[in-house]
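Examining the three-dimensional arrangement
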Amino acid sequence: MKRLAALALGVAWLAFGGPAEAQNTPKKDDVPKFIKSLSDKDEKGRLSGCTGLYEIGRIKAIYIKDSVDPLIKMVKADDSAKVRAAAVKALGAADPDEYKETVETLIEVLKEDKEGAVKVAAVGALAMLGAKSKDAIPALREAADEAKKAAADAADDKKIAGMAKAMGKAVGGAIKTITAQVKAGAK
């Protein structure tokens, strides 16, 4: 019985942040390595760089400040939709001094990228930036209208209609998050 309890406790400890997780968590000192990997020829290397930067940015956004420009370039130019989506997500975790170019880039992605996964990542990134992305609200509303129209147009194709409805919900959630933070900051 004691062995079973000890085993259960050990499994829970590892599952909720034991030493194995701590060893895999990127640290501030890893930022230069991750920024360098953004220019890797291999897609997996670029994805790893974006993911590492995102994880560090979620811990403390200012740590990945130096990655904002390379991430913006990647969002605009990378051939891989997976990499662009990961770069967009990392931008949402960043805390650059000037948000204007970041928000403009995310709006551009929302309007122009052909891949749905990249657009969804842009919606999430804008929501993570919160009130700082208030200039994106018109583009988000436009995206919500497009998602609603796409869902109606694809009513016969349940998969496409479902994806369009999910996009609409994500956009609606982002708008609510941003506007709530804008109102909270205005008080």
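Reading the values: the criteria
Residues numbered from 1 in each chain as written. Predicted model: local features only at pLDDT ≥ 70, side-chain atom pairs only at ≥ 80, totals over all residues. Heavy atoms only, no water. 1 Å grid on protein atoms, 1.4 Å probe; cavity = no way out; pocket = protein on both sides within 12 Å on 5 of 7 lines; lining within 4 Å. Points joined across faces, edges and corners; volume = space filled by probe spheres on them. Helix = DSSP H or I, 4+ residues; strand = E, 2+ residues; numbered from the N terminus. Nonpolar A, V, L, I, M, F, W, Y, C, P; charged D, E, K, R; others polar. Buried < 20%, exposed > 50% of the residue type's maximum accessible area, 1.4 Å probe, protein only. Contact = heavy atoms within 4.5 Å. Expected span 1.5 Å × (residues − 1). Arc of directions from axis to C-beta.

For the largest pocket, the calculated volume is near 210 Å³. Taken together, L110, G116, A117, K119, V120, A143, E146, A147, A150, M163, A164 and M167 make up the lining of the largest pocket. When residues of the lining of the largest pocket are traced back to their parent elements, those giving at least two are helix 8 (116-129), helix 9 (137-153) and helix 10 (158-186). When its residues are assigned to classes, the lining of the largest pocket shows nine nonpolar, one polar and two charged.

What follows deals with the environment of V31. Residue position: V31 is located in helix 3 (residues 31-37). Classification of V31 as buried rests on a relative accessible area of 6%. When the C-alpha atoms of V31 and L53 are compared, they prove to be 6.6 Å apart, with 22 residues separating the residues in sequence. Apart from residues no more than four positions distant in its own chain, V31 is found in contact with L53, I56, Y63 and I64.

So, about helix 9. Between its terminal C-alpha atoms helix 9 stretches 24 Å, which fits the 24 Å expected from 17 residues at 1.5 Å a residue. Residues I137, A139, L140, A143, A147 and A151 constitute the buried set of helix 9. An end-on view of helix 9 places all buried positions within 155 degrees of arc, on one side of the element. Opposite its buried face, helix 9 presents the exposed residues P138, D145, K148, K149, A152 and D153, each directed more than 90 degrees away.

Scope: geometric values only; no functional claims are made or implied.
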